[in-house]
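Chain by chain, the residues:
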Protein chains: 2
Amino acid sequence: MTRTLYELQGQDDKRFSPFCWRTRMALAHKGLEATFEPVQFSQKDKIAFSNQKLVPVLRDGETVIADSWTIACYLEDKYPDAASLFGGSVGQGLARNMNFWVDMSIHPALARVIVADTFDNAIDTADQVYFRESRESRFGMTLEEFSPRSDADVSKLQNVLSPAIATLNVQPFLSGDAPAYADYILFGTVKWAAASTDRIVFPNDGPFGAWLIRMYDLFDGYARTSGAAAA
Amino acid sequence: MTRTLYELQGQDDKRFSPFCWRTRMALAHKGLEATFEPVQFSQKDKIAFSNQKLVPVLRDGETVIADSWTIACYLEDKYPDAASLFGGSVGQGLARNMNFWVDMSIHPALARVIVADTFDNAIDTADQVYFRESRESRFGMTLEEFSPRSDADVSKLQNVLSPAIATLNVQPFLSGDAPAYADYILFGTVKWAAASTDRIVFPNDGPFGAWLIRMYDLFDGYARTSGAAAA
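About the criteria used
- Residues numbered from 1 in each chain as written.
- Chains lettered and ligands numbered in written order.
- Predicted model: local features only at pLDDT ≥ 70, side-chain atom pairs only at ≥ 80, totals over all residues.
- Heavy atoms only, no water.
- Helix = DSSP H or I, 4+ residues; strand = E, 2+ residues; numbered from the N terminus.
- Rg over C-alpha atoms; globule rule 2.2 N^0.38 Å.
- Buried < 20%, exposed > 50% of the residue type's maximum accessible area, 1.4 Å probe, protein only.
- Areas by Shrake-Rupley, 256 points an atom, 1.4 Å probe, with all protein chains shown as cover.
- Pairing = 2+ DSSP bridges.
- Phe/Tyr/Trp six-rings, centres within 6.5 Å; stacked < 30°, edge-to-face > 60°.
- Lys NZ or Arg CZ within 6 Å of the ring centre and 35° of its normal.
- Least-squares fit on C-alpha atoms with pLDDT ≥ 70 in both.
- Contact = heavy atoms within 4.5 Å.
- Buried area = accessible area lost by both parts, 1.4 Å probe.
- Salt bridge = Lys/Arg side-chain N within 4 Å of Asp/Glu carboxyl O.
- Polar contact = N/O pair within 3.5 Å; in protein donor to acceptor, adjacent residues only side chain to side chain.
- Nonpolar A, V, L, I, M, F, W, Y, C, P; charged D, E, K, R; others polar.
- Domains from an automatic or database assignment.
- Axes fitted to C-alpha atoms, helices over the stretch in contact; angles between N-to-C directions.
- Parallel < 35°, antiparallel > 145°, perpendicular 65-115°, else oblique.
- Left-handed = near helix turned anticlockwise from the far one by under 90°.
- Expected span 1.5 Å × (residues − 1).
- Bend = angle between axes of the 7 residues up to and from the residue.

Summing up its helical and strand segments, chain A has 8 helices and 4 strands in all. Going from the N terminus to the C terminus, chain A shows its helices and strands as β-α-β-β-β-α-α-α-α-α-α-α. Since a compact globule built from 231 residues should have a radius of gyration of about 17 Å, the 17 Å found for chain A is in line with a globular shape. With the principal axes as the frame, chain A shows a C-alpha extent of 50 × 45 × 30 Å. Residue burial in chain A is summarised as follows: out of 231 residues, 59% are buried. Surface accessibility of chain A: about 9,400 Å² in total, with carbon and sulfur atoms responsible for 50%.

Rendered as structure tokens:
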């Protein structure tokens, strides 16, 4: 059976989409092989078969699934004998909440910190006009005005992040003793930052830094060596 | 076997401690009977046997446990045949993260909204000097300066709360299809607000309001009728 993940491709082949990384890590967690098909913002025709416009899209044999959360639930249901992404219904419910927390609390704070860097360092030249125009329309100001690379914005991000840091101070993973999908949700966001800037925006020391090392070490160092070579 | 929960008591016998409510709901979830022993801030001698100064304290037969999270873990281990509070290790790990999120993100935002009301309406007269002095020392300003009952502070709270509202828009409980300890963590905080003010500080409509009704309905309306009669 053919399994293909369509994921966002950036400058120098960087894979910087946090949502696509969630699915990458979920596939690795389940031990499922896949081919990765790069898609730039300007190549939405590549995923027209999914009847929507956003990556990630997973084609699993004859089945097509869009949206990282929907894909995770699909994988959990379809491959129940592989390692669980959620550890049961309570874990799935709370992972859903983690998904919203990262999307609605962490991402807005992180965007302030790095989106100008994302433009400079992660967006392919062919996509830069689209990226700038769509984001500046959303923000109501230029990328550089929205994201002035200020230390104050880094502090605000780390303040929003503080509950996760506290959790990682008392247990090795957000999901407890072993990694699960909730960890991949936040880790995908770290990969977005890593592809965008060399500045330290997430802590690289303390409990969070130790968790990052554990996450990068998973699956034989998968997140170091695959996909985002330059990140 | 005797089981006693020592919990904070306020004005007109109100039980307004969010941490004590977590344990109340955990006991109800497990179907465990308990006697409730009220403790005012000025009555720390009542819990001296626990070798620390904070409620809740649970005395379960010969075992004494302090701290709401520690108590929840104890109950889960000690009474494994009763309904699970966590639904497994992933659910427990993510509930721990919820615990930190409520304590570190929701409580500071809520304190701005209601702590002056807590002083006026929930703290017993005998405790008011202690409460004001300890909090004003911590905040570096008067209770009324810290908590001016502004609409802006309510908006900030609801912004921090927004991921939980989004979760409750797609599933009935934070823990998924059924309530579990993560729900009781946030619900305890709502009880604190309800004992402090009649103002609407948490949404009473939409997905969050519907969740509140479900939470109040649990265990034959337990949180309406027990403990905090006036809340």
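Below, the discussion takes up the pairing of strand 3 (residues 57–60) of chain B. All names here are of chain B. When strand 1 (residues 3–8) meets strand 3, the two strands line up antiparallel, connected through 4 bridges. Bridge assignment links T4 to a residue of strand 3, and that residue is R59. Sheet topology note: the strand 3/strand 4 (residues 63–66) ladder contains 4 bridges and is antiparallel. Across the sheet, the residue bridging to L58 is I65, located in strand 4.

Residue and element names in this part refer to chain A. The final tally for this structure, using the stated rule, is 28 aromatic pairs over all chains. Through a chain of ring-to-ring contacts, three or more aromatic side chains come together here, namely F187, F202, F208, W211 and Y216. Directly above the ring of F119 sits R132, whose terminal nitrogen or CZ lies 4.4 Å from the centroid.

Time to look at the relation of the copies chain B and chain A. Note on the copies: chain B fits chain A at an RMSD of 0.0 Å, the axial shift is 0.0 Å, and the rotation between them is 180 degrees. Here the transformation between the copies is reduced to the relation of a two-fold axis. Relative to the rotation axis, the C-alpha of G91(B) is the closest in chain B, positioned 2.1 Å from it. Most of the interface of chain B is mirrored in chain A: 100% of its interface residues are interface residues there too.

Between chain B and chain A, the residue contacts involve 27 residues of the former and 27 residues of the latter. Interface area, chain B with chain A, both sides summed: about 2,100 Å², of which 66% is carbon and sulfur. If you sort the residues of chain B by the area they bury against chain A, V90(B), L94(B) and N97(B) come out on top, with a joint share of 25%. Across the chain B-chain A interface, the total number found is 0 salt bridges. On inspection of chain B and its partner chain A, the count reaches 4 residue pairs in polar contact (both at pLDDT 80 or more). Those elements that provide at least two residues to the side of chain B that touches chain A are helix 3 (89–121) and helix 6 (151–170) of chain B. Ranked by the residues each element gives to the side of chain B that touches chain A, the list is headed by helix 3 of chain B, at 13 residues. Taken together, the residues of the side of chain B that touches chain A sort by class into 15 nonpolar, 11 polar and 1 charged.

This next bit is on the domain arrangement of chain A. All names here are of chain A. When cut into domains, chain A gives domain 1 (3–78) and domain 2 (89–225). Measuring from the centre of the C-alpha atoms in domain 1 to the corresponding centre in domain 2 gives 19 Å. With 23 residues of domain 1 at the interface, the matching set in domain 2 holds 36 residues. Across the domain 1 to domain 2 interface the summed buried area is about 2,500 Å²; carbon plus sulfur atoms make up 63%. When the buried surface of domain 1 facing domain 2 is broken down by residue, R22, M25 and W69 rank first, second and third, together holding 31% of it. Counting the contacts that link domain 1 with domain 2 gives 1 salt bridge.

Turning our attention to the packing of helix 1 (residues 18–30) of chain A against helix 8 (residues 206–225) of chain A. All names here are of chain A. Axis separation between helix 1 and helix 8 bottoms out at 11 Å; the angle between their running directions is 70 degrees. Looking at the two axes, helix 1 sits roughly perpendicular to helix 8. Crossing handedness for the pair helix 1 and helix 8: left-handed. When helix 1 is examined against helix 8, the residues W21, R24, M25, A28 and H29 are found in contact with a partner set consisting of M215, L218, F219, Y222 and A223.

Moving on: unusual backbone geometry. All names here are of chain A. With an omega dihedral of 5 degrees, the bond running from V55 to P56 counts as a cis peptide bond. Positionally, P56 belongs in the loop between strand 2 (35–39) and strand 3 (57–60). In the Ramachandran plot, D67 falls in the positive-phi region, its phi being about 85 degrees despite a non-glycine side chain. Residue class for D67 comes out partly exposed when judged on its relative accessible area of 40%.

Now for the sheet that holds strand 3 of chain B. Residue and element names in this part refer to chain B. The sheet built from 4 strands is open, its strands ordered 2-1-3-4 with mixed pairing. Each edge of the open sheet carries a strand with a single partner, namely strand 2 (35–39) and strand 4. When strand polarity is set aside, the average angle formed by the axes of neighbouring strands in this sheet is 20 degrees. Strands strand 3 and strand 4 of the sheet are contacted by helix 2 (residues 68–78), whose axis makes an angle of about 140 degrees with strand 4.

Residues and elements named next belong to chain A. Its 33 residues place the ends of helix 3 (residues 89–121) only 39 Å apart at the C-alpha level, less than the 48 Å of an ideal helix rising 1.5 Å per residue. The sharpest bend along helix 3 comes to roughly 60 degrees, located at I114. With 25 of its 33 residues buried, helix 3 lies for the most part within the structure.

All right, on to the pattern of salt bridges then. Residues and elements named next belong to chain A. All chains considered together, the criterion is met by 26 salt bridges over all chains. The partner of E76 in a salt bridge is K30, and the shortest N-O contact between them spans 2.9 Å. With a gap of 46 residues between them, E76 in helix 2 (residues 68–78) and K30 in helix 1 connect regions that are remote in the sequence. By the burial criterion, E76 is buried, and K30 matches it. Measuring nitrogen to oxygen at the nearest pair gives 2.9 Å for the salt bridge that ties D217 to R224. Judged by its relative accessible area of 43%, D217 falls in the partly exposed class. Given a relative accessible area of 43%, R224 falls into the partly exposed group. Where salt bridges share partners, they join E7, D13, R15 and R24 into one cluster.

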